[in-house]
Amino acid sequence: MSLMEEINRKAFDLTVPLSVQLDLTWRCNENCVHCYLDHEGRGELSTAEIKDILRQLSAAGVFFLAISGGEPLLRSDCFEIMEYARSLQFNVKLKTNAVLIGPEQAERLRKLNIEQIQISIYSHRDEIHDAITKLPGSLQRSLNAIRLLKSQQLKVSITTVLMKPNRNDGQDVRRLADELGVGFNVDPTITPKMNGDRAILDLGITFQELQNCFNTPEFVGDVGEFCAPPLPVDGAVLDGSPCSAGHSACYISPRGDVFPCVQFPLSCGNLRETAFAEIWKNSEALKEVRSIRVRDLPSCSICLHAGSCTRCPGLAFMEGDMRGVSSADCEKSRARTLSIVHRDCRDPKSE
Amino acid sequence: MADMYIRRNSWIATRSLGDEVIIMSAKDSTFFTLNSTSAAIWNAADGVTPLAQLVESSVCAAFEVDLPLALADAEQLVTDLAVHGILTVSDHPIEAQQD
């Protein structure tokens, strides 16, 4: 077990909120076709409220703080907030489209020692990326920002959500990331909108394309390990918890709503009404999330994939039951397993 | 032997987790955990109190350890942490603005 895994395990066991994503705004200068947020402003927290929340999060033991949105840099106080967060010695990651990052912003981020800047790039082609973001010129602005951030020796990572419009561009984005000297992650999952609208799921790639994605070392690393057959379902698996959401991680919306995760819109309380520690400790919703073990999941507990499935309880919740299945994860687990079968059955002479 | 002074650097990220302290250097992303003894020294590292005095008050008193042994371990610890930029070591008191 790596040191980081040990820390995560300890936080989980102690129910310490080690990781929090704090969205500063719903507003965005891009309007991505697959975005799960609705961008209507509904009363964002003030600077003073956010600083108070950061103090509370620090006292609660939060170490990893992801600042996101919407586009967080649309807030004129974003740097003030990040500076305050760093003064409280959070490990800060900024999730941004980087369109608003110029030389001055890049230098300020370096001076703040931001741990990582995560930037969404959907394609190496302007016409595809800009069609997804619906912001003309956005690819070149984001790439210019990445170069500026790299010139400041900052750690940058590109994230690519694979969907129908960019289904063929993942490898080229990976090459682009390598050329830029930045990290790369691919995510083949389209999630429903937080308001429950599932229409955007139609943008998702096909099962065959998902299999291809999982068979691509540039996307998943060691394919054999990633696509390993499901582990035996034993007592340890059944006594396990589905994921860290609500145990050692949570999400805070731009108006202070606390959820177990950004993909788990189960309201646990609001920080304008209740202190974070009180919500974290006593929220009935969080207690329910924490009480669930794999053996409590009617369908998943009898599934052969239970030992290695990446089941997301939030996506299951959005399908109607946090103890139910997450169809997207069922599909991913099947795609991984069938990938192995496919490879094992391949004629060696054709290799 | 000259006094040794230690001060936590401001570019780190750190938090207590149970009886340990977790630290990440923002300069090279090196990740550390300190056990309760090391954490006691870390938490007392104010830049102006000599290390020997920190060890005596924070470690020996709390953990019933002899000073010479504890101090030798502490000197090794702070040297390791200084290599990764987690803290600053000096033979004179360290002011806050020297970060």
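Everything numeric in this text was worked out from a predicted model, so none of it was measured.

What am I meant to see in the packing of helix α2 (residues 47–60) of chain A against helix α3 (residues 78–87) of chain A here?
Each packed pair of helices is defined by two parameters, the angle between the axes and the distance between the axes. Residue and element names in this part refer to chain A. The contact between α2 and α3 brings their axes to 10 Å, and the two run at 20°. For the element pair α2 / α3, the angle class is roughly parallel. Note on packing geometry: the crossing formed by α2 with α3 is right-handed. Within the contact between the two elements, α2 uses Thr47, Ile50, Lys51, Leu54 and Arg55 and α3 uses Glu80, Ile81, Tyr84 and Ala85. Residues that form the contact of α2 with α3 fall into these classes: 5 nonpolar, 1 polar and 3 charged.

Would you mind going over the side chain of Glu71 of chain A with me for this structure?
Residues and elements named next belong to chain A. Within the secondary structure layout, Glu71 lies in the loop between β2 (64–68) and α3. Although Glu71 lies buried, it forms no salt bridge, and the closest oppositely charged side chain, Arg141, sits 10 Å away as judged by the N-O distance. Only 2.8 Å separates the side chain of Glu71 from the side chain of Thr96, close enough to count as a polar contact. Beyond its immediate chain neighbours, meaning those up to four positions away, Glu71 contacts Thr25, Arg27, Cys28, Asn29, Thr96, Asn97 and Ala98.

It is not clear to me how the environment of Asn97 of chain A should be interpreted in this structure. Could you clarify?
Residue and element names in this part refer to chain A. Locating Asn97 in the fold gives a position in the loop between β3 (91–96) and α4 (103–111). For Asn97, a relative accessible area of 5% gives the class buried. Residues Asn97 and Asn212 lie 115 residues apart in sequence; the distance between their C-alpha atoms is 27 Å. Asn97 has contacts with Cys28, Asn29, Glu30, Glu71, Ile119 and Ser142, leaving out every residue within four places of it along the chain. Of the polar contacts made by the side chain of Asn97, one reaches the backbone nitrogen of Val99; its length is 3.0 Å.

Is there a simple way to explain the interface of chain B and chain A in this structure?
Many analyses report the size of an interface as the accessible area lost when the parts associate. Across the contact, 20 residues belong to chain B and 21 residues belong to chain A. Buried area between chain B and chain A, summed over both chains or domains, comes out near 1600 Å², and the portion from carbon and sulfur atoms is 59%. Looking at the side of chain B facing chain A, the largest losses of area belong to Arg15, Leu17 and Phe31 of chain B, adding up to 40% of the total buried there. Put simply, chain B and chain A have 2 salt bridges between them.

Criteria and thresholds
- Residues numbered from 1 in each chain as written.
- Chains lettered and ligands numbered in written order.
- Predicted model: local features only at pLDDT ≥ 70, side-chain atom pairs only at ≥ 80, totals over all residues.
- Heavy atoms only, no water.
- Axes fitted to C-alpha atoms, helices over the stretch in contact; angles between N-to-C directions.
- Helix = DSSP H or I, 4+ residues; strand = E, 2+ residues; numbered from the N terminus.
- Parallel < 35°, antiparallel > 145°, perpendicular 65-115°, else oblique.
- Left-handed = near helix turned anticlockwise from the far one by under 90°.
- Contact = heavy atoms within 4.5 Å.
- Nonpolar A, V, L, I, M, F, W, Y, C, P; charged D, E, K, R; others polar.
- Buried < 20%, exposed > 50% of the residue type's maximum accessible area, 1.4 Å probe, protein only.
- Lys, Arg positive; Asp, Glu negative; His and termini not counted.
- Salt bridge = Lys/Arg side-chain N within 4 Å of Asp/Glu carboxyl O.
- Polar contact = N/O pair within 3.5 Å; in protein donor to acceptor, adjacent residues only side chain to side chain.
- Buried area = accessible area lost by both parts, 1.4 Å probe.

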